[in-house]
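Inside the fold
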Amino acid sequence: MDEYSREDILRIAEDENVRYIRLQFTDILGTIKNVEIPIKQLGKALDGEIMFDGSSIEGFARVEESDMFLKPDMDTWLIFPWSSDDARIGRLICDIYDIDGKPFSGDPRSNLKRVVREMQDMGYDELQLGPEPEFFLFKLDKDGGATTELSDSGGYFDLQPIDFGEDCRRDITLTLEDMGFEVEMSHHEGAPSQHEISFKYSDAVTASDNIQTFKLVAKTIARKHNLHATFMPKPLYGIPGNGMHYNVSLFKDGNNVFYDENDEFGLSPCMRYFMAGVLSHARGFTAICNPLVNSYKRLQSGFEAPKYIAWSGSNRSPLLRIPPSRGKATRAEVRSLDPAANPYLAAAAILKSGLTGIKNKLELDNPVNENIYEMSERQKESVEDLPSTLYTALKAMKADDVVREALGEHIFKQFHENKSIEWNMYSSQVTDWELNEYLGQY
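Everything numeric here is computed off the predicted structure, so don't read it as measured data.

Overview of the pairing of strand β10 (residues 194-199)
Among the 6 residues of β10, 6 are classified as buried, and the element is accordingly described as predominantly covered. Looking at chain direction, strand β7 (residues 126-140) and β10 are connected through 3 bridges and run antiparallel. Note that in β10 the partner of Phe136 across the bridge is Gln194. Here strand β9 (residues 183-188) hands over to β10 after 5 residues, with Ser193 in that stretch at a positive phi of 70°.

Structural notes on the domain arrangement of the protein chain
Accessible area lost when the parts come together is the quantity often used to give the size of an interface. Domain boundaries assigned for the protein chain yield domain 1 (6-103) and domain 2 (115-433). Summarising the inter-unit geometry, the C-alpha centres of domain 1 and domain 2 are found 28 Å apart. Domain 1 puts 17 residues into the contact, and the matching count from domain 2 is 21 residues. When the area that domain 1 buries against domain 2 is broken down by residue, the three leading residues are Ile28, Leu29 and Trp82, summing to 39%. In this structure, the connection of domain 1 to domain 2 is made through 5 residue pairs in polar contact (both at pLDDT 80 or more).

Here's the deal with unusual backbone geometry
A positive phi angle, near 60°, is found at Asn17, a position not held by glycine. At Asn226, a position not held by glycine, the phi torsion is positive, near 60°. Mapped onto the elements, Asn226 comes out in the loop between α5 (204-224) and β12 (227-230).

A short note on the environment of Lys139
Considering the arrangement of structural elements, one finds Lys139 in strand β7. For Lys139, a relative accessible area of 32% gives the class partly exposed. Distance in space between the C-alpha atoms of Lys139 and Ser151 is 5.8 Å, their sequence separation being 12 residues. If we skip the residues at most four places from it in the chain, Lys139 touches Gly145, Ala146, Thr147, Glu149, Leu150, Ser151, Asn226 and Leu227.

Here's the deal with the pattern of salt bridges
All told, the structure shown has 23 salt bridges when counted by the stated rule. With its nearest N and O atoms 2.9 Å apart, the salt bridge here joins Arg6 to Asp47. Here Arg6, found in helix α1 (residues 6-15), pairs with Asp47, found in the loop between α2 (42-46) and β3 (50-53); they are 41 residues apart in sequence, far enough to count as distant. We classify Arg6 as partly exposed; its relative accessible area is 27%. Among the residues examined, Asp47 registers a relative accessible area of 39% and is labelled partly exposed. It is possible to trace a salt-bridge network through shared partners that takes in Asp73, Asp95, Arg109, Lys113 and Asp209.

A word on the packing of aromatic side chains
A full pass over the atoms with the stated rule returns 13 aromatic pairs. The interplanar angle of 70° and the centroid separation of 5.8 Å between the aromatic rings of Phe135 and Phe214 together place this pair among those described as edge-to-face. Remark: Phe214 occurs in helix α5 and Phe135 occurs in strand β7; sequence separation between them is 79 residues. The buried category is assigned to Phe214, whose relative accessible area is 0%. The interplanar angle of 15° and the centroid separation of 5.2 Å between the aromatic rings of Phe136 and Phe138 together place this pair among those described as stacked. Residue classification places Phe138 among the buried residues on the basis of a relative accessible area of 1%.

Quick word on the UniProt feature "binding site: ATP" (unreviewed entry) in the protein chain
The UniProt record marks Glu184, Phe199, Lys200, Tyr201, Arg316 and Lys328 with the feature "binding site: ATP" (unreviewed entry), using the residue numbering of this structure. Secondary-structure assignment places Phe199 in strand β10. Assessed through its relative accessible area of 3%, Phe199 is described here as buried. Apart from the residues within four sequence positions on either side, Phe199 is in contact with Pro131, Pro133, Phe181, Glu182, Val183, Glu184, Asn210, Ile211 and Phe214. Tracing the backbone shows Tyr201 in the loop between β10 and β11 (202-203). Residue Tyr201 is classed as partly exposed on the basis of its relative accessible area of 43%. In this structure, Tyr201 is in contact with Gln128, Leu129 and Gly130, ignoring residues within four places of it in sequence.

Cut-offs applied
For every chain, the first residue of its written sequence is number 1, and the numbers climb from 1 along that sequence. Note on the predicted model: pLDDT of at least 70 is required for a residue's local features to be given, and 80 or more for side-chain atom pairs to be given and counted; whole-chain, interface and lining totals, by contrast, use all residues. Excluded from the side-chain calculation are hydrogens and water; included are all heavy atoms of the structure. Relative accessible area decides the class of each residue, using a 1.4 Å probe on protein chains only: under 20% of the type maximum gives buried, over 50% gives exposed, and in between gives partly exposed. Numbering of helices and strands runs from the N terminus; a helix is a DSSP stretch of H or I covering at least four residues, while a strand is a stretch of E covering at least two. Pairs of strands are assigned from DSSP output, requiring at least two bridges between the strands. For the domain bounds, the source is a domain assignment made automatically or taken from a database. Whether two residues touch is decided by their heavy atoms; if any such pair falls within 4.5 Å, the residues are in contact. Note on definitions: buried area is the accessible-area loss of two parts on being combined, 1.4 Å probe, summed for both. Any pair of nitrogen or oxygen atoms within 3.5 Å is treated as a polar contact; in protein, a donor-acceptor pairing is required on top of that, and neighbouring residues in sequence qualify only through side-chain atoms on both sides. Salt bridges are defined by distance alone: a side-chain nitrogen of Lys or Arg within 4 Å of a carboxyl oxygen of Asp or Glu. Think of it this way: a Phe, Tyr or Trp ring, Trp meaning its six-membered ring, pairs with another when their centres are within 6.5 Å, and the plane angle makes it stacked under 30 degrees, edge-to-face over 60, tilted otherwise. UniProt positions are given in the numbering used here, feature names are shortened, and annotations may be inferred rather than shown by experiment.

Now the structure itself:
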């Protein structure tokens with residue numbers, strides 16, 4: 001990430017004919033929000049003097065405490081490549097501050113920074129996070145609305161002419177690179193019309209910023225190809241859903257503390273404690289990492305969706321996988337997340353869980369190196385699994401004090417209340433499946 005000063009941004013904005021600025025932030029549910037200002041207000045924005053009404057944002061504040069400040073992170077400055085040359089649009093990601101000048105406890109980005117400071121107080125410099133978000137490219141209808149009509153019939157790593165989304169995926173990648181992303185891989189995923197673009201790891205806050213920017217870019221560029229990019233976890237029955245694996249490692253003084261050259265498997269005690277912490281709180285943070293009713297259709301449907309709380313270095317069915325790379329690339333891959341998750345909250349919950357494992361020196365269970373989906377039912381009973389619905393995930397979340405601490409009381413309460421409403425709305429519906437299955441029989 002480039003570093004910018006106030007003067008740098010003002011100069012670049014003038015040189016590049018920027019006419020509008022989007023002050024971007026993320027609400028508790030992970031939705032990107034923004035306040036757009038004209039260029040004349042840029043100096044005021046850079047000084048953190050732009051206010052907005054927080055009561056209009058889901059889960060932020062009540063009317064009587066609604067005034068909030070947007071404090072931009074100047075290193076997030078960029079110009080959207082798709083904006084017109086005669087009126088270009090700049091972007092700054094902001095933290096939310098209360099009227100008293102303190103970080104707002106309901107701001108997911110500020111909350112992640114709080115957990116990162118806890119990590120630093122323990123002697124570590126940063127959590128390196130490499131996300132792998134998957135998405136579908138579906139066709140739009142004649143009115144520009146989203147459909148689930150496939151845009152190709154390709155499979156894993158397929159090329160044209162089977163993969164008609166390749167041009168769109170390439171344009172998304174080129175746009176990301178124009179915006180400063182270091183894209184490591186771009187390919188067709190296992191399901192028809194499914195794709196993945198992986199970008200280089202970075203610190204937890206920057207990686208979370210990048211996920212949000214990536215989603216915005218994917219949706220914007222897809223529209224130009226008459227397609228809709230969706231990060232919905234399980235839009236179609238019978239094919240794999242969208243995951244978002246998190247590759248995580250802790251660094252200190254430029255060294256990866258997860259690596260131990262003297263260990264048989266190259267894994268340090270710190271890494272084993274961290275992994276044990278993640279596994280012990282996996283049920284508690286599932287509602288955060290899989291936040292939709294639809295998320296559990298992916299987790300319960302097979303296709304290597306990692307619903308089992310175990311770890312392995314040799315197969316992809318458990319929740320935690322240890323890729324074979326060692327040295328600075330030693331990492332744990334958390335495979336249960338889906339891209340509907342708020343990346344700031346997911347990173348905070350996973351980091352806090354891992355740090356708790358280190359603090360308490362939790363012992364890591366033995367790995368499960370066989371494909372859990374091919375085990376007998378009796379064998380599977382020995383492996384704990386994730387919650388099977390949003391309802392049971394919310395119950396597990398409420399019972400986990402570490403996850404509550406990771407979110408802070410404000411976010412925890414608002415998230416739980418909102419998602420409980422979502423579950424109640426869903427569970428009271430009568431679906432087509434129920435009508436087809438029961439109407440004539442009973």
